[in-house]
Amino acid sequence: MAKSTSKDAQALIQSLRSAYAATPTNLKIIDLYVVFAIFTALIQVVYMAIVGSFPFNAFLSGVLSCTGTAVLAVCLRIQVNKENKEFKDLPPERAFADFVLCNLVLHLVIMNFLG
């Protein structure tokens, strides 16, 4: 039974890889940015677990900045995706402008939280 689940897992990974190969390059770049932001947040959490969290506001600001940026990037990906019919009338430039403006507001709030 373990061999069948291994083959099923390999088939699933292969189908995901072939489906992702058809993804446009701009969406792949956004995906890479999201992975980078989440990875940076995880590094900060591991660092806090090892060293400690003396300036706790700084730790919270860093982690919330990374996760907030990742969430905004996912929203950008949803709006820019051509296969999404809900945002077909929204030009990609407008979606990117919304992303930049929301990031600016997010980071102003984060800087205010730092003190």
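Just so it is clear, the structure is predicted and the values come from calculations on it, not from any experiment.

1. As for the packing of aromatic side chains
Pairs of aromatic rings are described using the distance from one ring centre to the other and the angle between the two planes.
Here comes step 1: Following the criterion strictly, the structure yields 3 aromatic pairs and no others.
Here comes step 2: Here the aromatic residues Tyr33, Phe96 and Phe99 are joined through ring pairs into a cluster of three or more.

2. Quick notes on the pattern of salt bridges
Here comes step 1: On inspection of all chains with the given rule, the structure shows 2 salt bridges.
Here comes step 2: For the salt bridge of Asp31 with Arg77, the shortest nitrogen-to-oxygen distance reads 2.5 Å. Residue Asp31 is found in helix H2 (residues 25-51), and its partner Arg77 is found in helix H3 (residues 56-80); the two are separated by 46 residues along the sequence.
Here comes step 3: We classify Asp31 as buried; its relative accessible area is 17%.

3. A word on the environment of Ile110
Here comes step 1: Here Ile110 lies in helix H4 (residues 92-114).
Here comes step 2: Sequence-wise, Ile110 and Leu90 are 20 residues apart; in three dimensions their C-alpha atoms are separated by 29 Å.
Here comes step 3: Excluding its chain neighbours within four sequence positions, the residues that come into contact with Ile110 are Ser61, Leu64 and Ser65.

4. Focus on the environment of Leu108
Here comes step 1: Mapped onto the elements, Leu108 comes out in helix H4.
Here comes step 2: Residues Leu108 and Ile30, 78 residues apart in the sequence, show an inter-C-alpha distance of 22 Å.

5. Some words on the confidence of the model for the chain
Here comes step 1: In the predicted model, the chain carries a mean pLDDT of 91, and the fraction of residues at 70 or more is 97%.
Here comes step 2: When pLDDT is averaged over each element of the chain, H2 comes out on top at 95 and helix H1 (residues 2-21) at the bottom at 85.

6. Observations regarding the packing of H2 against H3
Here comes step 1: Direction vectors running N to C along H2 and H3 enclose 165°, while the axes themselves pass 9 Å from each other. Relative to H3, the element H2 lies roughly antiparallel. Considering how the two elements wind past one another, H2 and H3 form a crossing that is left-handed.
Here comes step 2: Here the residues of the contact of H2 with H3 sort into 17 nonpolar, 6 polar and 2 charged.

Cut-offs applied
- Residues numbered from 1 in each chain as written.
- Predicted model: local features only at pLDDT ≥ 70, side-chain atom pairs only at ≥ 80, totals over all residues.
- Heavy atoms only, no water.
- Phe/Tyr/Trp six-rings, centres within 6.5 Å; stacked < 30°, edge-to-face > 60°.
- Salt bridge = Lys/Arg side-chain N within 4 Å of Asp/Glu carboxyl O.
- Helix = DSSP H or I, 4+ residues; strand = E, 2+ residues; numbered from the N terminus.
- Buried < 20%, exposed > 50% of the residue type's maximum accessible area, 1.4 Å probe, protein only.
- Contact = heavy atoms within 4.5 Å.
- pLDDT = per-residue confidence, 0-100.
- Axes fitted to C-alpha atoms, helices over the stretch in contact; angles between N-to-C directions.
- Parallel < 35°, antiparallel > 145°, perpendicular 65-115°, else oblique.
- Left-handed = near helix turned anticlockwise from the far one by under 90°.
- Nonpolar A, V, L, I, M, F, W, Y, C, P; charged D, E, K, R; others polar.

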